[in-house]
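As a plain string of letters, each chain reads:
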Amino acid sequence: MARQLRAEQTRATIITAAADLFDRHGYESTSLSDIVAHAKVTKGALYFHFAAKEDLAHAILELQARAARQLVADVESRGCSSLESLMRTTFGIARLAVDDPVPRAGLRLATADVVVRAPLRHPFNESLDFATRKFTGAVREADVHSDLDVGAVAHSLVCFFVGTRIAGRSLEPVGRLPRRVAEMWHLVIRGLVPVHRRPRYVTLATQLERESRTA
C-alpha cells in the first residue's frame, strides 16, 4: 500500500512538473529531460509512468477534462438559467487556470499539435457542444435574442475565450484572466441579451469576476 501511494505521488509530481513547463514554454520546446529535472525524479521513475511525452500530454488533457466535467456538474446542480450556467462555467474554468498548472497547461496543449486519443474528446469540441446547448436553452428562456444563430455564437464564444487566454499568456499575468472574461461577457451581453434583461447579467458578470479574484 505504501509503495502504491509513493508511486501515485510520484506520478502526480511528474504531471504537475510537465504541466508547468508545457504552460510556460510550450509542448514542443519542453523535453523529457527538462521534466525530469523540474520534477526532481529519475528518468526511470518518469518512464515507469509515461512511455513518451505524448502520454504525459494526454494525461494532462484527461485531468483537464475531468476537472471541467466536475465544474459543469457543480454549476448545473444549482438550477441556474442556461445563460447563467454558461457564464459561471467560463469563470470557473478561468479560476481553474489561475489556480492550477494542470488545467492551465491543458488549455495550451489544446492549441498545440497534440493528438487527442479516443475516447477523450478534444476540449474545444466539448466546449462548443456545451456552449451550443446553453445558448439553445437561453433562446428558449428568452435571455438572448430569438433570431440568434446558436452555432455561430457558440463557436465565436469559444474562440473569444481561448483567444483571451492565448493573448494574455504573453501580455499579462494569468491572474488577470477573470477580469478579461468579465470584459468578454460585458461585450457578449450587450450584443446578445435583450435590453430589459441585461442588468441581471451585467451584475452577474461583475459578481463572478469579484468571486473569481477572491477565491
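The name given to the protein chain in an unreviewed UniProt entry is TetR family transcriptional regulator, and the organism recorded there is Streptomyces pluripotens.

(A) Layout of the pattern of salt bridges. Counted under the stated rule, the structure contains 14 salt bridges. Aspartate 55 is the partner of arginine 117 in a salt bridge, and the nearest nitrogen-oxygen pair spans 2.6 Å. Linking arginine 117 in the loop between helix 6 (101-109) and helix 7 (123-140) with aspartate 55 in helix 4 (residues 53-76), this pair joins segments that are 62 residues apart in sequence. For arginine 117, a relative accessible area of 35% translates into the label partly exposed. Where arginine 197 meets aspartate 143, a salt bridge forms, and the shortest distance between an N and an O atom there is 2.7 Å. Remark: aspartate 143 occurs in the loop between helix 7 and helix 8 (150-171) and arginine 197 occurs in the loop between helix 9 (177-192) and helix 10 (198-214); sequence separation between them is 54 residues.

(B) Summary view of the UniProt feature "domain: HTH tetR-type" (unreviewed entry) in the protein chain. The positions that UniProt labels "domain: HTH tetR-type" (unreviewed entry) are, in the present scheme, residues 8-68. Secondary structure over residues 8-68 splits into 80% helix and 0% strand, and the C-alpha atoms at its two ends are 22 Å apart.

Conventions we followed
Residues numbered from 1 in each chain as written. Predicted model: local features only at pLDDT ≥ 70, side-chain atom pairs only at ≥ 80, totals over all residues. Heavy atoms only, no water. Salt bridge = Lys/Arg side-chain N within 4 Å of Asp/Glu carboxyl O. Helix = DSSP H or I, 4+ residues; strand = E, 2+ residues; numbered from the N terminus. Buried < 20%, exposed > 50% of the residue type's maximum accessible area, 1.4 Å probe, protein only. UniProt positions renumbered as here; feature names shortened; annotations may be inferred.

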